[in-house]
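# Report on the structure
In case you want the letters, here they are:
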Amino acid sequence: MSVMVARKKVVRKWEKLPGRNTFCCDGRIMMARQKGIFYLTLFLILGTCALFFAFECRYLAVQLSPAIPVFAAVLFLFAMATLLRTSFSDPGVIPRALPDEAAFIEMEIEATNGTVPQGQRPPPRIKNFQINNQIVKLKYCYTCKIFRPPRASHCSICDNCVERFDHHCPWVGNCVGKRNYRYFYLFILSLSLLTIYIFTFNIVYIALKSLKIGFLNTLKETPGTYPSTVWRGCSQSLTVLTVLEVLICFFTLWSVVGLTGFHTFLVALNQTTNEDIKGSWTGKNRVQNPYSHGNIVKNCCEVLCGPLPPSVLDRRGILQQEESTAQEESCPRGPSTQEPTAAQGPGGQAEESSAQQKDGSLPHPSAVPAPSLSNAEMPEEKQLTFGELPVPSQDAGQAEH
């Protein structure tokens, strides 16, 4: 005998989410699938700071102040924390419409636009929305099957609609949107300060060494050289590393500082990179930005200090799926203990009662068929109570004799 046993398998929602994202730590970490440049960012920051702490800081802490490596460590930890927070968090992905919701939206669109003649292009799927006495258009996303909220856009790399979409940054390995833009801005700001700090004290280190032994001799010696054979043997290779460190800081300085200045300008106007590139508020229409408060301080407070909305994905929510497995169980039963099934029908009960009458035993009350007349319609002398057997009358006994 086979028995079907249903087992429930716990499945998290992040395992079934569409889009091109990578999840780690049971859905707690969310990134884009293209993470190669993100690893390059980690390598450049960790490598440059490791060289600075290993060589220049040792000399500067003795010659100038021990606060130099301490402040550098604070900037390094803050930059790394904001980088990881930007890379591992949900940027504000909007869930896609369910099949029922998508069908309802399609019905609304067809009812609004009517039937389009064959060969003609259907009208654009746009809804008008008013914000601060300004008309804003909500565009329909054919991939997510939703009307995108204001300032949202669909990222072609992650294949998701992101709320207040700014841009997709390969250096952090994630989209930059409403939920992680402030951490992205703090990351590039702290990285700019860290780059300027390391580059400046590299120059200070070279200047101090040049005053003592000359510029050419400084380039030949190792940073933080001590009188030992090990350091003297490694002088040439470590000098190359010092030059490499200076070059990395020099070229990083212009790009990171320029990017920080550009985003500072956007924060002051309460504008996104996507809106600036498309010219949404500065194009030919000369439409004013409805999200700007007209005050730099208020705009900065809203973007960097406003309340952070929770994630609407519920990545670690539970989806239950049932898996049925068949198990065979042997249940031996004797013929005397086997009960009649419903498939036997009334015929099985009649055969059993006839067999009992041949043995001379009275039939069981449950085997007596119910009378066709109700108890109220029968005469008084023939009315029976429930479970009472019919008793033969004296006339019937005399007739038999």
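None of these values were measured; they are calculated from a predicted model.

What counts as what
- Residues numbered from 1 in each chain as written.
- Predicted model: local features only at pLDDT ≥ 70, side-chain atom pairs only at ≥ 80, totals over all residues.
- Heavy atoms only, no water.
- Pairing = 2+ DSSP bridges.
- Helix = DSSP H or I, 4+ residues; strand = E, 2+ residues; numbered from the N terminus.
- UniProt positions renumbered as here; feature names shortened; annotations may be inferred.
- Core = buried A, V, L, I, M, F, W, Y, C linked by side-chain atoms within 4.5 Å.
- Buried < 20%, exposed > 50% of the residue type's maximum accessible area, 1.4 Å probe, protein only.
- Contact = heavy atoms within 4.5 Å.
- 1 Å grid on protein atoms, 1.4 Å probe; cavity = no way out; pocket = protein on both sides within 12 Å on 5 of 7 lines; lining within 4 Å.
- Points joined across faces, edges and corners; volume = space filled by probe spheres on them.
- Nonpolar A, V, L, I, M, F, W, Y, C, P; charged D, E, K, R; others polar.
- Domains from an automatic or database assignment.

Our next topic: the sheet that holds strand β9 (residues 160–162). Reading across from one edge, β4-β9-β8 is the order of the three strands in this open sheet, with antiparallel pairing throughout. The open sheet has two edge strands with one neighbour each: β4 (93–94) and β8 (153–155). Pairing analysis gives two bridges linking β4 to β9, with the strands arranged antiparallel. Each residue of the ladder has a partner; that of Val93, found in β9, is Val162.

In this section: the UniProt feature "transmembrane region" (unreviewed entry) in the protein chain. UniProt feature "transmembrane region" (unreviewed entry): in the numbering of this structure it lies at residues 37–55, 67–84, 183–208 and 240–269. Between the end C-alpha atoms of residues 37–55 the distance is 27 Å, and the span holds 100% helix and 0% strand.

Of all hydrophobic cores here, the largest spans 39 residues; its most connected members are Ile45, Phe52, Leu83, Phe187 and Tyr197. Listed by contribution, the elements that provide at least two residues to this core are β3 (29–32), α1 (36–63), α2 (67–88), α4 (181–213) and α7 (235–269). No other element matches α4, which puts 13 residues into this core. For Tyr197, the residues in contact, after removing those within four places along its chain, are Phe52, Ala67, Ile68, Phe71, Ala72 and Leu75. Counting eight residues, the second-largest nonpolar core is a separate cluster that includes Ile94, Ala102, Ile146 and Cys161.

With that settled, consider the sheet that holds strand β6 (residues 134–141). Spatial strand order, β5-β6-β7: three strands in an open sheet with antiparallel pairing. Of all strands in the sheet, those with a lone pairing partner are β5 (126–131) and β7 (146–147), marking the two edges. As defined by bridge partners, β5 adjoins β6 across six bridges and the pair is classed as antiparallel. Following the sheet pairing, Gln130 is matched in β6 by Ile135.

Okay, unusual backbone geometry next. With a phi close to 50°, Asn132 is a non-glycine residue in the positive phi region. Structurally, Asn132 can be placed in the loop between β5 and β6. The exposed category is assigned to Asn132, whose relative accessible area is 59%. Of note, the phi angle at Asn133 is positive, near 60°, even though the residue is not glycine. Inspection of the secondary structure assignment puts Asn133 in the loop between β5 and β6.

Right, let's get into the layout of surface pockets. Approximately 690 Å³ is the volume attributed to the largest pocket. If you go around the largest pocket, you meet 24 residues; those closest to its centre are Val136, Lys137, Lys139, Ser280 and Trp281. Contributions of two or more residues to the lining of the largest pocket are made by β6 and α8 (273–278). Per element, the largest residue contribution to the lining of the largest pocket is five residues, and it comes from β6. Here the residues of the lining of the largest pocket are counted per class, giving 11 nonpolar, seven polar and six charged. Built from parts of two domains, the lining of the largest pocket gets at least three residues from each of domain 1 (13–94 + 171–224 + 233–305) and domain 2 (99–167). Roughly 550 Å³ of volume is contained in the second largest pocket. What lines the second largest pocket is a set of 26 residues, and nearest its centre among them are Trp171, Leu191, Thr252, Ser255 and Val256. Mapped by element, the contributors of at least two residues to the lining of the second largest pocket are α1, β10 (167–169), α4 and α7. Of the residues forming the lining of the second largest pocket, the biggest block, eight residues, is contributed by α7.

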